[in-house]
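Topology and contacts: notes
Each chain, written out:
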Number of protein chains: 2
Amino acid sequence: MVTDSEIAELEAIVGKENVSTRSSDLDGHSVDESWVEPHRPDVVVWPASAEAISSILRLANERRTPVVPWSGGSSLEGNPIPVEGGIVLAMYRMNEIVDIREDDLQVVVQPGVVYDDLNGRLRRMGMFFPPAPGSSDVATIGGMVANNSSGMRAFKYGVTRDYVLKLDVVLPNGELVTVGGNAKKSTSGYDLVSLFVGSEGTLGVVSEITLRLAGLPEKVGAAVAVFDELARATSAVYECARYGLAASALEILDSATVRAINLQQGLSLAEAPTLFLEFDGTQTGVEEQIEYARELCADNGCVDFQVALTAEAYEKLWSGRREAHDSIKLSHPGCTMIAGDVCVPISKFGEMIEFAHALSQRLDLSLYAFGHAGDGNLHTEIIAHRENGDQFSRALWATDEIVGHALELGGTVAGEHGVGFAKRQFMSREHGRTLQLMRSIKDLLDPKGIMNPGKIFPG
Amino acid sequence: MVTDSEIAELEAIVGKENVSTRSSDLDGHSVDESWVEPHRPDVVVWPASAEAISSILRLANERRTPVVPWSGGSSLEGNPIPVEGGIVLAMYRMNEIVDIREDDLQVVVQPGVVYDDLNGRLRRMGMFFPPAPGSSDVATIGGMVANNSSGMRAFKYGVTRDYVLKLDVVLPNGELVTVGGNAKKSTSGYDLVSLFVGSEGTLGVVSEITLRLAGLPEKVGAAVAVFDELARATSAVYECARYGLAASALEILDSATVRAINLQQGLSLAEAPTLFLEFDGTQTGVEEQIEYARELCADNGCVDFQVALTAEAYEKLWSGRREAHDSIKLSHPGCTMIAGDVCVPISKFGEMIEFAHALSQRLDLSLYAFGHAGDGNLHTEIIAHRENGDQFSRALWATDEIVGHALELGGTVAGEHGVGFAKRQFMSREHGRTLQLMRSIKDLLDPKGIMNPGKIFPG
């Protein structure tokens, strides 16, 4: 519990106007986009600088007050929900693009910068930050660093971690450190950058981020391939990866997902297992890759293959995929969507999707499955009424079964959404005794356990 | 000092035939490819399994005996030299390719497998492990993991760390842990894989490695562009990176390096600043990229541009670049080559090379400069007679000045050779107080300090 005297101290650090205990603010920071039960913080604080964060953490560390960094609030596993109360450190007002180092293909940002806003600025200069999370219009760079976010372009371009060069981090004791540097590659000591990226705010608070960027490709093109069986779509994806096709995205959508898109976006895609492919590069390079992809798809029994080479056609085709999540949501007003996110070795992707389908049928649940097939990363959305206790439990149980099956197939419980609160129960099963090693690093950096408690590690 | 009773215990663990205190064996494991003074271990042990390594570490940990893992011995900063004596754990007989998981584009290897041998096996199956260290014919996968090695293809394909999915590690107390997993991407907990990769054997001993692989491109092509000024070659490289050219290698060689290649390889390249470019992908994609590169080079005053599209022409052209290091060595028999390896933000690459040239002139030293310009990674080779004390000191001093200048330009002291023994003195300057954070992780995992002591951290 945060005391009145502590609140007064917080006000002294950041100013009265940047501290709130109003119900609306506490409620607004009690949920993310997951199914996890809301939990209010005691207080919300909006810092404006690393120095302010440092003072806040020093204070919290002394009193063992939980501190939960909050940026976009779009997490999907309860990652920023303050399950043990305490202080929410709202980072989203620290949203400056500090420096665009064009000559080095680098950018320096504060954690609250939104992904799409950043790329909008960079686009004019011919550069971009590629990881493309699904929630790109709200996801912040700070949140992406915390969760090591990624999305459709990970197949070609990798994940957030691959682009983070340097971080300013405030450690739980208030100490300010800089990890990493401005060189594109380095073998100078331990890779602390990779340790902080993906640590979900449990090791410290990131106050500034330097990213390396990519040059914008000359041309982007897309194709949509329709299959009569999911297994054939997954074989096509495997062959694309196997034969070195450099697609920038390889996405599988099941029939249910395509139906939702048609319904909500007014499209008329064939309601069958569908593969969305995106290519970028030079004009001829893109055309050539698409032709190669067409062959590979045909070899695997593709029944329809549409190409979009103009920007307009691309936009029309691809917006369907981009809006998949929202289309499903809109199709079930008043329901909770329980988002799944597992990643398996690519040869097991088809088996994973089939398992999810069979399970939902057996349990009489609405399930949508789609994912970044080129990486083996499967998303499921199970729909349930929270008020229908039996259905809701079945939905949670099914989500857990899917996670368990991913582990049996040699996969991971979290492909790109992180562990947060919802998946911490699986950590021992995935990591065994190695979890203890993670915990000892947590204890080393945060001996009093104030940073985002109740996350990643099972209770 | 390793006692007789300890040697008897080692013999009991691995068998008498796998323990040696013979002079020739001690000498053979007292040097790497760096200029660092030799230092003998007390004993060399060849383990055959993780269990044997575990028993050896348990024993060493009890007695606080230094343990230095040794794989290819081709390091360039004294990384595996047992500067405090103790046990050399020779890993190179653990050289099995354990499992090629073709369907997942993964391979499982023991640490002693040599890079070229692995890619030779994989090539027949249409796959490869891309990082391509300069010493690919002797570098082992274990050593590459220890040093986070890379080379010419890092510009497009990244470094060793980007391919390591899973590691079996024996911790200094003998505990066996597995970090990472078989999914291509994961956000499940802290990234311990990245922590062990590049830790240069200071945190434990890697006993098995799972790598993800890439599909072999259909076509490889090359070009060589000659410039009359180094600054123009570096501008061309910057523009290649800036405009999204997906070259698989972008290498700059100075005139001296080209001269050495001509002399030793019987080639007749123009002895001027030269840019080697490599492209891979589809046939047309490669041709198109080369034409684009030709334009960018022409814009920057390129005076000659040769293309090699056939395998034969490629081999002839590119073997020159590949043999650069050896050509320099052969040009100076009886001399020591002091290898430099810094990495700076790409806009500073030209300045870095100019600094090195001016310095060597001022100090009357033979210096060769070449590097992975697309990454900002510069290698220098300074030639000196060890017997000529004054010259040798000047050469070491110059190498240090180059490192210092890289730091001033916002770079790193170690681009791809690691810190080892030779660069540990710079770690405080590069990392400041953050070095303490690295040290606390070292102390956490290796409280008795037995693993490769005297490396990475300044004495």
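Model, not experiment: these values are computed from the prediction.

What counts, and where the lines are drawn
- Residues numbered from 1 in each chain as written.
- Chains lettered and ligands numbered in written order.
- Predicted model: local features only at pLDDT ≥ 70, side-chain atom pairs only at ≥ 80, totals over all residues.
- Heavy atoms only, no water.
- Helix = DSSP H or I, 4+ residues; strand = E, 2+ residues; numbered from the N terminus.
- Rg over C-alpha atoms; globule rule 2.2 N^0.38 Å.
- Contact = heavy atoms within 4.5 Å.
- Areas by Shrake-Rupley, 256 points an atom, 1.4 Å probe, with all protein chains shown as cover.
- Expected span 1.5 Å × (residues − 1).
- Least-squares fit on C-alpha atoms with pLDDT ≥ 70 in both.
- Pairing = 2+ DSSP bridges.
- Axes fitted to C-alpha atoms, helices over the stretch in contact; angles between N-to-C directions.
- Parallel < 35°, antiparallel > 145°, perpendicular 65-115°, else oblique.
- Left-handed = near helix turned anticlockwise from the far one by under 90°.
- Nonpolar A, V, L, I, M, F, W, Y, C, P; charged D, E, K, R; others polar.
- Buried < 20%, exposed > 50% of the residue type's maximum accessible area, 1.4 Å probe, protein only.
- Core = buried A, V, L, I, M, F, W, Y, C linked by side-chain atoms within 4.5 Å.

**Re the overall build of chain A**
Secondary structure summary: chain A contains 16 helices and 18 strands in total. Computed over the C-alpha atoms, the radius of gyration of chain A is 22 Å, within 12% of the 23 Å expected from 2.2 N^0.38 for a compact globule of 459 residues. The contacts of chain A with a sequence gap of at least 6 include a subset with a gap of at least 24, amounting to 71%. About 16200 Å² of surface is accessible on chain A, with carbon and sulfur atoms providing 46% of the total.

**Some words on helix 10 (residues 283-299) of chain A**
For helix 10 of chain A, with 17 residues, the first-to-last C-alpha span of 25 Å sits near the 24 Å given by 1.5 Å per residue. Tucked into the core, helix 10 of chain A has its buried residues touching strand 12 (219-227), helix 8 (230-242), strand 14 (274-281) and strand 15 (302-308) of chain A together with helix 10 (283-299) of chain B. Directly beyond the C-terminal end of helix 10 of chain A, a positive phi value near 80 degrees is found at Gly 301 of chain A.

**Concerning the relation of the copies chain B and chain A**
Between chain B and chain A, which share one sequence, the superposing operator has a rotation angle of 180 degrees and an axial displacement of 0.0 Å; the RMSD is 0.0 Å. Both chain copies can therefore be described as sitting about a two-fold axis. In terms of C-alpha distance to the rotation axis, chain B has Gly 285 of chain B as its closest residue, with the C-alpha 2.5 Å off the axis. When you check the interface residues of chain B against chain A, 100% turn up at the interface there too, and the contact is symmetric in its surfaces.

**A look at the sheet that holds strand 17 (residues 366-372) of chain B**
Sheet strands pair via backbone hydrogen bonds, and the direction of the pair is either parallel or antiparallel. Residue and element names in this part refer to chain B. Pairing in this open sheet of seven strands is antiparallel, and the strands run 15-12-14-13-17-18-16 from one edge to the other. Looking at which strands have only one partner, the edges of the open sheet turn out to be strand 15 (302-308) and strand 16 (336-343). Each strand of the sheet is rotated relative to its neighbour by a mean of 15 degrees, with strand direction disregarded. When strand 16 meets strand 18 (residues 377-384), the two strands line up antiparallel, connected through eight bridges. By the bridge assignment, Asp 341 is partnered in strand 18 with His 379.

**Thoughts on the sheet that holds strand 2 (residues 43-45) of chain B**
Residue and element names in this part refer to chain B. Strand order across the open sheet formed by four strands is 1-2-4-3, with mixed pairing between neighbours. Among the strands making up the open sheet, the edge pair consists of strand 1 (19-20) and strand 3 (67-70). Both strand 3 and strand 4 (residues 87-90) contribute to a ladder of four bridges, which runs parallel. Opposite Trp 70, over in strand 4, you have Ala 90 as the bridge partner. Contacts between helix 3 (residues 50-63) and the sheet are confined to strand 2, strand 3 and strand 4, with strand 4 contributing the most and set at about 170 degrees to the helix.

**Quick notes on the packing of helix 8 (residues 230-242) of chain B against helix 13 (residues 349-362) of chain B**
Packed helix pairs are specified by the crossing angle of their axes together with the interaxial distance, meaning the distance between the axes. Residue and element names in this part refer to chain B. Relative to each other, helix 8 and helix 13 sit at 155 degrees, their axes nearing to 9 Å. As summarised for this structure, helix 8 and helix 13 are arranged roughly antiparallel, according to the angle between their axes. The handedness of the crossing between helix 8 and helix 13 comes out as right-handed. Every residue of helix 13 that contacts helix 8 at Leu 230, Ala 231 and Thr 234 is listed here: Phe 349, Gly 350, Ile 353, Glu 354 and His 357. Residues of the contact of helix 8 with helix 13, tallied by class, amount to four nonpolar, three polar and one charged.

**Considering the pairing of strand 12 (residues 219-227) of chain B**
All names here are of chain B. Judged by how many residues are buried, strand 12 sits mostly within the fold: eight of nine residues are covered. Examined bridge by bridge, strand 12 and strand 14 (residues 274-281) share eight bridges and lie antiparallel to one another. The residue bridging Ala 223 from the neighbouring strand is Leu 277, located in strand 14. Inspection of the sheet shows strand 12 paired to strand 15 by six bridges, in the antiparallel sense. Each residue of the ladder has a partner; that of Val 226, found in strand 15, is Asp 304.

**Section: the nonpolar core**
Counting 207 residues, the largest nonpolar core has Leu 118, Ile 141, Leu 167 and Leu 277 of chain A together with Ile 141, Leu 167 and Leu 277 of chain B as the members making the most contacts within it. Other than its neighbours up to four places away in sequence, Ile 141 of chain A contacts Val 109, Pro 111, Val 113, Tyr 115, Leu 118, Phe 129, Ile 209 and Leu 211 of chain A.

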